Amino acid sequence: MKPIQVGLLGIGTVGSGVFNVLQRNHDEIRRRAGRDIAVTMVADLDETRARAVVGDQVAVVKDAREVIAHPDIDVVIELIGGYGVAKTLVLEAIAAGKHVVTANKALLAVHGSEIFKAAADKGVMVAYEAAVAGGIPIIKALREGLTANQIQWIAGIINGTTNFILSEMRDKGLDFDVVLKEAQRLGYAEADPTFDIEGVDAAHKATLMSAIAFGVPVQFDKAYVEGITKLSSIDIRYAEQLGYRIKLLGITKRTDKGIELRVHPSLVPAKRLIANVEGAMNAVVVHGDAVGTTLYYGKGAGSEPTASAVIADLVDIARLEGADVAHRVPPLAFQSSTLREAGQELPVLPMADITTSYYLRMRVADEAGVLAKVTGLLAGAGISIDAVLQREADEIGGEGSTQTDLIILTHETREGDMDKALAQIQGLPTVLAPITRIRKEELN
């Protein structure tokens, strides 16, 4: 069979990894794919850098459209990132009859439905294993390995930057701002880390997993997104004392009323495997009705781990290129004719309608009757308390302190009811600072 010729748009960290792994493991990859796969053309604004990576045997151009227009290119790999020019180029590649491989979770989370429809209309494939959790093959697991299951929920540590920061805060007792600067110095965090620390990157990935798991369109605009910027080292310490660790989780869950799609810090029992995922590593837990709970762990970013996922997509395309369109694995796992319409049957629930349990920390006046007032307001909202921990005043402000921390763990309750109760509690004159609320996920 004729070789698969690949055009690479962008040869930075991931692009160079793709080229190098394809070169190093060429024979092994050819044996698996049944044919040669070779990068024959690269587009990058820095032609000198590109030439240093690929040598003289590969055509190097500045204009990505030259790659898309070349008649011999079978597959275009988009590694530019972002929503703007990447979307234009991907749609142009599809229109030109090229298969597309991308690591661009932001693009697919926002514009995936349009891109997948364009590909279906043109009869080409769009593959995106590298868009979620780097080298972990979670997309293939959801689309193929778990296809017999009704997926009930997914919870994942899917952003290495935030997991590194939380791990350092726990290990060293440092506050967020201090650890963020260290993460930037070490290269774990970007100069502008907003997408990571505010949870947006994780929400892009959770959106894609939700669509695959439940057969719905990508609906990033309906995801609840909360980052880690407001977390305090004291809450990480209290969580540890209670037998929990705090992780930024991307969660999607099927309920009788609809789908939960949310990203936020969560208390996870320390005995869970995912609670022990440290540093910049990623992990995803998937619960299916037949298989039960499964865990996928590995490097969520980096040159060659991400390249591993990109090349796996290339091999799939090499195997399936000649197959009838109806016999290819659909991009969102479900046949396109069976995908639910957005907002119908399984709508994405507003945050006020989700049900979970909570960790609450309140800085209160150290005087009689405070606990009774707080628990009374929670009871009035129908919120059941699981545990209460009160710190001694001198632990908070030293000897003679008039303030103390009150920590409450609740049983499951509706978020909207918790919102109302916390508004009332915050209004008490004995509550001296904004209340800290962190959701608690048992993951069992």
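Everything below is about the structure shown above.
On a predicted model such as this, the values are computed, not experimentally measured, just so you know.

(A) Examining the environment of Ile-234 more closely. Inspection of the secondary structure puts Ile-234 in helix α12 (residues 233-241). Judged by its relative accessible area of 14%, Ile-234 is buried. When the C-alpha positions of Ile-234 and Met-169 are compared, they lie 9.6 Å apart, and in sequence the two are 65 residues distant. Residues in contact with Ile-234, not counting those within four places in the same chain, are Arg-361, Arg-363 and Asp-405.

(B) Up close: empty space enclosed by the protein. Evaluated as defined, the whole model comprises two cavities of 30 Å³ or more. For the largest cavity, the calculated volume is near 40 Å³. Lining the largest cavity we find Leu-166, Ser-167, Arg-170, Ile-236, Arg-245, Ile-246, Lys-247 and Glu-278. Counting only elements with at least two residues in the lining of the largest cavity, the list comes to α8 (160-172) and β9 (244-254). Of the residues belonging to the lining of the largest cavity, the class tally is three nonpolar, one polar and four charged. There is about 40 Å³ of room inside the second largest cavity. Along its surface, the second largest cavity is lined by Thr-207, Ser-210, Ala-211, Val-216, Pro-217, Gln-219, Ile-259, Leu-261 and Val-348.

Quick notes on the rules
By convention here, each chain's residues receive numbers from 1 onward along its written sequence. Local features in this predicted model are restricted to residues whose pLDDT is 70 or higher, and side-chain atom pairs enter the listing and the counts only when it is 80 or higher, whereas totals over whole chains, interfaces and linings include all residues. Only hydrogens and water are set aside when side-chain values are computed; all heavy atoms of the structure are taken into account. Segments assigned H or I by DSSP are reported as helices when at least four residues long, segments assigned E as strands when at least two residues long, and all are numbered from the N terminus. Each residue is placed in one exposure class: buried if its accessible area under a 1.4 Å probe, protein chains only, is under 20% of its type's maximum, exposed if it is over 50%, and partly exposed if it falls in between. Pairs of residues are marked as contacts when any of their non-hydrogen atoms sit within 4.5 Å. Detection works on a 1 Å grid of protein atoms alone, calling trapped sets that fit a 1.4 Å probe cavities and calling open sets with protein on both sides within 12 Å along at least five of seven lines pockets, with lining residues defined by an atom within 4 Å of a point. Grid points are joined across faces, edges and corners, and a volume is the space filled by probe spheres set on the points. Following the grouping adopted for this structure description, the nonpolar residues are Ala, Val, Leu, Ile, Met, Phe, Trp, Tyr, Cys and Pro, the charged ones are Asp, Glu, Lys and Arg, and the polar ones are all others, Gly among them.

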